[in-house]
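Chain and residue survey
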Amino acid sequence: MSSDMDDILQIFFQECDEQLQELERGLSALSDGESEHETVNAVFRAVHSIKGGAASFGLDNLVRFAHVFENSLDGLRSGRFAPTHDVVKVFLKAMDVLSDLVNEARGGATVDSARVAESHAELADISGTGGNQNASQAATTEDVIPADFSPVPMDFEPVPTDFEPVPFDFDFGEEEATPAAASLLVTFRPHDALYERGDDARNILIGLTDLARECDGEIQTTCDRSALPPLTDLLPDKSYLSWQVVLPPAVSEDSANAVFDWVSEDCDFSIVREGAEAAAPQEPPAEQPEPAEVVAVMPPVEDHEAPPPAPAPSVAHPIQILSPLPAPATPDAHPGPSPAGSAASSTANGAAQTAARKPEQASIRVDLHRIDDLMDLVGELVIAQAAIESLSRRTDAAGQHELVQSISSMQSLTRDIQDAVMAVRAQPVRAVFQRMQRVVREASSMTHKDIVLTLEGEDTEVDRTLVEKLTDPLTHMLRNAVDHGIESPEARIAAGKPAEGHIVLSAEHRSGRILITIKDDGAGINRQRVFETAVKRGVIPADAVLSDEEINNLIFMPGFSTAAQVSNLSGRGVGMDVVKQAIQSLGGRISISSVPGKGTTFGFSLPLTLAILDGMLISASGSTMVIPISSVIETMIVNQSDVYALPDGSNVISIRGDCMPLIPLATVLKLSNSSTPDSLDASVILVVENESGARAALIVDEIRDQTQVVIKSIESNYRQIFGVSAATILGDGSVSLILDVSALVASAIGHIDIKPSNIRAELAA
Amino acid sequence: MTEKKILRVLTIDDSRTMQGMLRKALEEAGYDVIQGGDGVEGIEVLESADPPPNVIITDINMPRMDGFGVIEAVRKMPAFKHLPVIVLTTESDPEKKARARAAGATGWIIKPFSSDSLVAAIRRVTA
């Protein structure tokens, strides 16, 4: 049971994440001025769902806050107030609190109660805008909610099956004064509406029978058919019958009433204690409290302690129910929750606690179509495999030919399966992007700037592992954009710009990679200051001559910060160099473009997956190696006349007027000893480019093939090797190295340009 | 009741948490459970269910089609005009109950529910 509950709790937390995203999306739509009814509904539903689930698991903190949140949203939904800028701001803040509370319930950090209380008060304020109940509502919410929730379980006890019969006996013993020995007489006549509503008189009769059985009694039923018309006049959907049922004395009026809970408006019924007329005068008038008071006095029940079953007080009193009564007012006023209800909620509590300790299970939601596609392909694979097997038994030439064909079709099938699996792992970047709204919101309130973050291309899909790893770099970049990119409102107005800053975070697919850009409309990079700072910090020599782009790239150097004062936001000891490393470890590159006074754009170009890459198989000095195709710009045969020797013995090549270092691959990797091949004529070169666009020409022996390779880490299996980023296993079973183009290019550039050589190398890396 | 006929219950709820709890509670109590993720899907499941369910439990607040819509749609289908529909809702306010009642709901259960109360409610309409 508890492991089942754990599973459901996990689902609940997953769902909370989704609902929070939905909430975020809805609220940002509202803050953009959209006021579609469906958007408001979706926002309401998200909070409502979280509340509903949380209540089932006894997550009280979460329930309490979600309840207030929901109330405020209900005000919005019913049009009591409009989604003004301020209102949405309060909601956004409440969303952050709610998300932290979810995290707390999951076993994360405890949320500062002052923050919760503050948001709580703001929400109560909003929902109270229309009337005067505001103050009292805010004051009593704490008390109101438990009352709202704990009595709930007993409200849907049409038949009090959970009550042990034993306590009845006890109570009878105590209350000797009450003559309860009389049978209970129930008469009822269903309306047509009862049947129209999917109910049946039979259900009621069975309910009453159950009551009698619990008291080891039986019922006597009489059906009154006097209203039944002749068969010819009988309408099948009319109600003609009524019943009289005599229940054993031990059955209480309340429990009999509960049987009629759902049909109180669709059925005439009366519940009378037989001989009640006789009993009534003997009732001690003074000491016995009125049944209604008993109900009201019942204390709220703690959910960890099951109270004794409590229907007794009402049993004790001969209650007179007015004879033909359409709707007794009692159904909603049962005393105390059932023991079963509270026991269940206490076990749920326990389950919640044990589950909180368990590590979060990694799981993703996948569109069923994608799984179906994959399944289809696997089906085809099985067929293809069977075909190959049967063909392989044939020895004739035709069979051989067919076998080759089959294998090549299997190849394309494998590729399709690979794509299909990738599609299963692909996730939209939305989840990460939406988290950035909060980052910007918090950062701008900390820096007292008014900044709007616009998201574009949230549906762009990338591999799940990549999505997760994007969070930190993006968080840092956005904080940086808020802190350093966007100017203060005063400075913006002085520069003739709107006071409100704007950041656009967008994602798009571009030639097999994903491109993420962060664009702000701030002041742009102050290159003069960047340069001075870099000199001051000893990052570059004072006489370095750097291009604009190289200066821009200085901000990614370790230990660099241009902020005149280290703010509490960006100055957390994490520099942009960490972002760069993170992006590069994902196989990505960063580009910067900045226009003074107009703003800065950062671009991350990342591979769609970290597991597989398209590679070019080359050989150098007898070894087969893989070069990522994305870094190969072009391939060509060298013409000796384009090669120029440099004083240090290295060569450069001029390709259509562009000079770039020539890297003899075998030599650089120490596979061969001759530093320069005798003649470069007719050798093959690959023009490769690293992340920041620096190019070099690699000399290789030959190009063998183009293939997809599975990336295996060489660092974790062996150790880091210069010029090699990873390894793979080729079709023939041999291990092949995947070249680290960035490192190769960087080292070559470092060789040639001596002036700020170490800088260039690091910038290029 | 001790009869061993296996009853089929259709639950309609957009929350997977709630669906999970319903399925667990109902299957433990020996019911056969089919589920729909919102009103529209719930009606689709109902139409294609074979055998048809003996009772429907539906949430109120759902995207696409809410619980009231479900009840109205069910009541309009000749085959299911008299099918018991129990509304599952977190709101205990009488207004919602009245609306569900007007739409033709047979009864209601208020969340959070215990398995016992859920089963009692189903037995109340399918006994």
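Residues numbered from 1 in each chain as written. Chains lettered and ligands numbered in written order. Predicted model: local features only at pLDDT ≥ 70, side-chain atom pairs only at ≥ 80, totals over all residues. Heavy atoms only, no water.

1. A look at the pattern of salt bridges
All names here are of chain A. Counting across every chain of the model gives 33 salt bridges over all chains. Between R464 and E468 there is a salt bridge; the shortest N-O distance is 2.8 Å. Here R464 and its partner E468 are both found in helix α19 (residues 464-485), four residues apart, which amounts to about one turn of the helix. Note on R464: relative accessible area 21%, which makes it partly exposed. (Salt bridge = Lys/Arg side-chain N within 4 Å of Asp/Glu carboxyl O. Helix = DSSP H or I, 4+ residues; strand = E, 2+ residues; numbered from the N terminus. Buried < 20%, exposed > 50% of the residue type's maximum accessible area, 1.4 Å probe, protein only.)

2. Quick notes on helix α3 (residues 60-77) of chain A
The first and last C-alpha atoms of α3 of chain A sit 25 Å apart over 18 residues, in line with the 26 Å expected at 1.5 Å per residue. Across the 18 residues of α3 of chain A, 13 count as buried, placing the element largely inside the fold. (Expected span 1.5 Å × (residues − 1).)

3. Overview of the interface of chain A and chain B
Put simply, an interface is often sized by how much accessible area is lost when its parts join up. Counting from both sides, the interface comprises 54 residues of chain A and, opposite them, 46 residues of chain B. Carbon and sulfur atoms make up 53% of the surface buried where chain A meets chain B, a total of about 4200 Å² over both sides. Linking chain A with chain B are nine residue pairs in polar contact (both at pLDDT 80 or more), by the criterion used here. For the side of chain A that touches chain B, the secondary-structure elements that each account for two or more residues are α1 (2-31), α2 (37-56), α3, α6 (134-149), α7 (152-155), α9 (192-196), α10 (201-214) and α15 (339-357) of chain A. When residues in the side of chain A that touches chain B are grouped by element, the largest group, nine residues, is from α2 of chain A. In the side of chain A that touches chain B, the residues fall into 21 nonpolar, eleven polar and 22 charged. (Contact = heavy atoms within 4.5 Å. Buried area = accessible area lost by both parts, 1.4 Å probe. Polar contact = N/O pair within 3.5 Å; in protein donor to acceptor, adjacent residues only side chain to side chain. Nonpolar A, V, L, I, M, F, W, Y, C, P; charged D, E, K, R; others polar.)

4. Thoughts on helix α5 (residues 113-127) of chain A
Given 3.6 residues to a turn, an α-helix orients residues that are three or four positions apart in the same direction. Residue and element names in this part refer to chain A. With 15 residues, α5 extends 21 Å between its outermost C-alpha atoms, agreeing within 8% with the 21 Å of an ideal straight helix rising 1.5 Å per residue. Buried within α5 we find V116, S119, H120, L123, A124, I126 and S127. Along the long axis of α5, the arc covered by the buried residues comes to 155°, so they all point the same way. (Arc of directions from axis to C-beta.)

5. Quick notes on the UniProt feature "modified residue: 4-aspartylphosphate" (unreviewed entry) in chain B
Residue and element names in this part refer to chain B. Taken from the UniProt record, the annotation "modified residue: 4-aspartylphosphate" (unreviewed entry) applies to D59. With respect to the secondary-structure elements, D59 resides in strand β3 (residues 55-59). Note on D59: relative accessible area 2%, which makes it buried. Leave out the neighbours within four places in its chain, and D59 touches I12, D13, D14, G67, L88 and K111. (UniProt positions renumbered as here; feature names shortened; annotations may be inferred.)

6. Section: the sheet that holds strand β4 (residues 85-89) of chain B
Pairing between sheet strands relies on hydrogen bonds along the backbone, with the strands arranged either parallel or antiparallel. All names here are of chain B. An order of β2-β1-β3-β4-β5 is seen for the five strands of this open sheet, with the pairing classed as parallel. One side of each edge strand has no neighbouring strand; the edge strands of this open sheet are β2 (32-36) and β5 (107-110). Looking at each pair of strands side by side, their axes are set apart by 25° on average, direction ignored. With four bridges connecting them, β3 and β4 associate as parallel partners. Residue pairing in the sheet places I56 in a bridge with V85 of β4. (Pairing = 2+ DSSP bridges. Axes fitted to C-alpha atoms, helices over the stretch in contact; angles between N-to-C directions.)

7. Overview of the UniProt feature "modified residue: Phosphohistidine" (unreviewed entry) in chain A
Residue and element names in this part refer to chain A. Following the UniProt record, one finds the feature "modified residue: Phosphohistidine" (unreviewed entry) at H48. Of note, H48 is situated in helix α2. Residue classification places H48 among the buried positions, given a relative accessible area of 3%.

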